[in-house]
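An overview of the molecular structure
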Amino acid sequence: EAAVTQSPRNKVTVTGGNVTLSCRQTNSHNYMYWYRQDTGHGLRLIHYSYGAGNLQIGDVPDGYKATRTTQEDFFLLLELASPSQTSLYFCASSATGGLNTGQLYFGEGSKLTVL
Amino acid sequence: QQQVRQSPQSLTVWEGETAILNCSYEDSTFNYFPWYQQFPGEGPALLISISSVSDKKEDGRFTIFFNKREKKLSLHITDSQPGDSATYFCAASARNNNNRIFFGDGTQLVVKP
């Protein structure tokens, strides 16, 4: 069973604060993703990566940076957090990038509150 | 423009009834359609998927019906159980789409005992 671990699971910060969300997958998957989930908007893709050092822009990238340091680790960075970034964040990984037979494996989520 | 649309936003059925969740898409190059199930406090998990070469896929009580001409699909959950209460996401992808999966906004299903 694919394993994707996120940390922290809960985070509270203030407007203008710095936040780093971490994700590690232990399944040798090439692709990793960061999504945010908000009521009424489903899952929206922020950034994704198909390998160490690679970064692709998703649909809602503004205010977010990401870095893929190794095949296992993908980080989401909020350098000047704003209340609009209060959300539930999910990391996911897949072996084939989601194409036809690719399956996304999601972590358990990181709840971020920006006061 | 939203690539994948789902309806209804929420659905309540009684135990034993059939729940029908609808999905439509815009891009005719989409050829793979997974459905993900999400329980509160958890990440989504793949439930069942279909490719565009098929018009039906069954897995136990879960069946996908696919209409390529109308760019629509639906997930039928027969003999619904309270344990099926969850949010269901329809998704779509295409081989030539830069490895992207597009998600709908989800249908929140409640099954009453």
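Attention here is on the structure that accompanies the text. (Residues numbered from 1 in each chain as written. Chains lettered and ligands numbered in written order. Predicted model: local features only at pLDDT ≥ 70, side-chain atom pairs only at ≥ 80, totals over all residues. Heavy atoms only, no water.)

Bringing a nonpolar patch on the surface into the picture now. On the surface, Val12, Val14 and Leu115 of chain A cluster together into a nonpolar patch covering about 310 Å² of accessible area. By the element assignment, Val14 of chain A lies in the loop between strand S2 (10-13) and strand S3 (19-25). (Patch = residues over 30% accessible without salt bridge, like charges linked within 9 Å, V, L, I, M, F, W, Y side chains within 5 Å. Areas by Shrake-Rupley, 256 points an atom, 1.4 Å probe, with all protein chains shown as cover. Salt bridge = Lys/Arg side-chain N within 4 Å of Asp/Glu carboxyl O. Helix = DSSP H or I, 4+ residues; strand = E, 2+ residues; numbered from the N terminus.)

Moving on, we come to the sheet that holds strand S6 (residues 56-59) of chain B. Residue and element names in this part refer to chain B. Spatially, the five strands line up as an open sheet ordered S1-S3-S8-S7-S6, and their pairing is antiparallel. A strand with exactly one partner marks an edge of an open sheet, and here the two such strands are strand S1 (4-7) and S6. Neighbour to neighbour, the strand axes of the sheet diverge by 15° on average, direction disregarded. Pairing analysis gives six bridges linking strand S3 (residues 19-25) to strand S8 (residues 72-77), with the strands arranged antiparallel. (Pairing = 2+ DSSP bridges. Axes fitted to C-alpha atoms, helices over the stretch in contact; angles between N-to-C directions.)

Residues and elements named next belong to chain A. Its place among the elements puts Gln85 in the loop between strand S8 (73-78) and strand S9 (87-94). Residue Gln85 is classed as buried on the basis of its relative accessible area of 4%. A distance of 3.1 Å separates a polar side-chain atom of Gln85 from the backbone oxygen of Gly63. Beyond its immediate stretch of four places on either side in the chain, Gln85 contacts Arg36, Asp62, Gly63, Tyr64, Leu78, Leu80, Leu112 and Val114. (Buried < 20%, exposed > 50% of the residue type's maximum accessible area, 1.4 Å probe, protein only. Polar contact = N/O pair within 3.5 Å; in protein donor to acceptor, adjacent residues only side chain to side chain. Contact = heavy atoms within 4.5 Å.)

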